[in-house]
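# What the coordinates show
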Amino acid sequence: MKNKTLDLVYIGLSAALIAVCTWISIPLPSGIPVTLQTMGVCIVSALLGWKRGTLSTLVYILLGLVGVPVFSQFRSGPAILFGNTGGYIIGFIFTALIVGAVSDTIIKNQLNKTKRYVFLAASMIVGIAVCYSFGTAWFAYIWAKSQEPAALTTILGWCVLPYIIPDLIKIVFAVAVTVPVSKIIKKNN
């Protein structure tokens, strides 16, 4: 019973952490703001593993879907989730799965501190790249339905290039926070 209760607490607090990470939002001309959501998903998944990390991400998405203003710029609802930025929100699930699976492997194999940093950083880069891919494809599809189709280079300029440096900074911060905090969480499990 204690483990299930602790799991629920971790999942709930982690979904709240992802939501809080949306409060910092810098709008860009593409309509896709720079937020800390990807960092929140990476931290949560690295700390909790793929099951609880992915569940936390799903809870966050479901809260936004039913109307709790947890998406960027305090938005919510199906129109946001199925709009041009919805693919990135759905892409968080893939990020959580990738980062969480690598985190579980790190814990299972008891890797040293240096390898933890390297593998977590690599998993976050891959996870965010998958999120970019899914979100950008979704954005291009929605854009083409409502506007003239845009060239791939144009869409990449709107949806990927402005976010690479901010996301690399977020990954460095997420890894720096995750490795020491994971020891605390491991002791309490």
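Residues numbered from 1 in each chain as written. Predicted model: local features only at pLDDT ≥ 70, side-chain atom pairs only at ≥ 80, totals over all residues. Heavy atoms only, no water.

## Things to note about the confidence of the model for the chain
- Here the chain shows a mean pLDDT of 91. Residues at 70 or above account for 96%.
- Ranking the helices and strands of the chain by mean pLDDT puts helix α2 (residues 37-65) first, with 97, and strand β1 (residues 25-26) last, with 82. (pLDDT = per-residue confidence, 0-100. Helix = DSSP H or I, 4+ residues; strand = E, 2+ residues; numbered from the N terminus.)

## Some remarks on the pattern of salt bridges
- Applying the stated criterion across every chain, the model contains two salt bridges.
- Taking the shortest distance from any N to any O, the salt bridge between arginine 52 and aspartate 7 comes out at 3.0 Å. Note that arginine 52 is positioned in helix α2 and aspartate 7 in helix α1 (residues 2-20), a separation of 45 residues in sequence.
- Judged by relative accessible area, which is 13%, arginine 52 ranks as buried.
- Overall, aspartate 7 belongs to the partly exposed group, its relative accessible area being 28%.
- Across the pair lysine 170 and aspartate 167 runs a salt bridge, and its minimum N-O distance is 2.7 Å. With lysine 170 and aspartate 167 both in helix α7 (residues 161-188), this residue pair falls three residues apart, about one helical turn.
- Residue classification places lysine 170 among the buried residues on the basis of a relative accessible area of 10%.
- In this structure aspartate 167 comes out as buried when scored by relative accessible area, which is 6%. (Salt bridge = Lys/Arg side-chain N within 4 Å of Asp/Glu carboxyl O. Buried < 20%, exposed > 50% of the residue type's maximum accessible area, 1.4 Å probe, protein only.)

## Points about the nonpolar core
- Counting residues in each nonpolar core, the largest one holds 45 residues, and the members touching the most others are Tyr60, Phe71, Ile89, Met124 and Cys159.
- Sorting the residues of this core by element identifies α1, α2, α3 (78-81), α4 (86-109), α5 (113-146), α6 (152-159) and α7 as the ones contributing at least two each.
- Per-element tally for this core: the top contributor is α2, with ten residues.
- Excluding its chain neighbours within four sequence positions, the residues that come into contact with cysteine 159 are Ile32, Tyr88, Thr136 and Phe139. (Core = buried A, V, L, I, M, F, W, Y, C linked by side-chain atoms within 4.5 Å. Contact = heavy atoms within 4.5 Å.)

## Focus: empty space enclosed by the protein
- Inspection of every chain in the model, using the stated rule, returns one cavity of 30 Å³ or more.
- Along its surface, the largest cavity is lined by 20 residues, and Ile32, Pro33, Thr35, Gln37 and Tyr88 are the ones closest to its centre.
- Residue assignment for the lining of the largest cavity shows that the elements contributing at least two residues are β2 (34-35), α2, α4, α5 and α7.
- The dominant element in the lining of the largest cavity, judged by the number of residues it contributes, is α7, at four residues. (1 Å grid on protein atoms, 1.4 Å probe; cavity = no way out; pocket = protein on both sides within 12 Å on 5 of 7 lines; lining within 4 Å. Points joined across faces, edges and corners; volume = space filled by probe spheres on them.)

## Some words on unusual backbone geometry
- Positive phi, close to 55°, is recorded for phenylalanine 74, a residue that is not glycine.
- Within the secondary structure, phenylalanine 74 is located in the loop between α2 and α3.
- You will see that glutamine 110, though not glycine, has its phi angle at about 50°, which is positive.
- Following the sequence through the fold, glutamine 110 ends up in the loop between α4 and α5.
- According to the relative accessible area criterion, glutamine 110 is exposed, its value standing at 62%.

## Here's the deal with the packing of α4 against α5
- Relative to each other, α4 and α5 sit at 160°, their axes nearing to 8 Å. What the angle tells us is that α4 and α5 run roughly antiparallel. The interaxial crossing formed by α4 with α5 has right-handed handedness.
- Partitioning the contact of α4 with α5 into residue classes produces 19 nonpolar, nine polar and one charged. (Axes fitted to C-alpha atoms, helices over the stretch in contact; angles between N-to-C directions. Parallel < 35°, antiparallel > 145°, perpendicular 65-115°, else oblique. Left-handed = near helix turned anticlockwise from the far one by under 90°. Nonpolar A, V, L, I, M, F, W, Y, C, P; charged D, E, K, R; others polar.)

## Here's the deal with a nonpolar patch on the surface
- Where nonpolar side chains cluster on the molecular surface, the patch consists of Ile125, Leu152, Leu156, Leu161, Ile164, Ile165, Leu168 and Ile169 and spans about 740 Å² of accessible area.
- Contributing elements (two or more residues each) for the nonpolar patch: α6 and α7.
- Relative to the assigned elements, isoleucine 165 resides in helix α7.
- The exposed category is assigned to isoleucine 165, whose relative accessible area is 56%. (Patch = residues over 30% accessible without salt bridge, like charges linked within 9 Å, V, L, I, M, F, W, Y side chains within 5 Å. Areas by Shrake-Rupley, 256 points an atom, 1.4 Å probe, with all protein chains shown as cover.)

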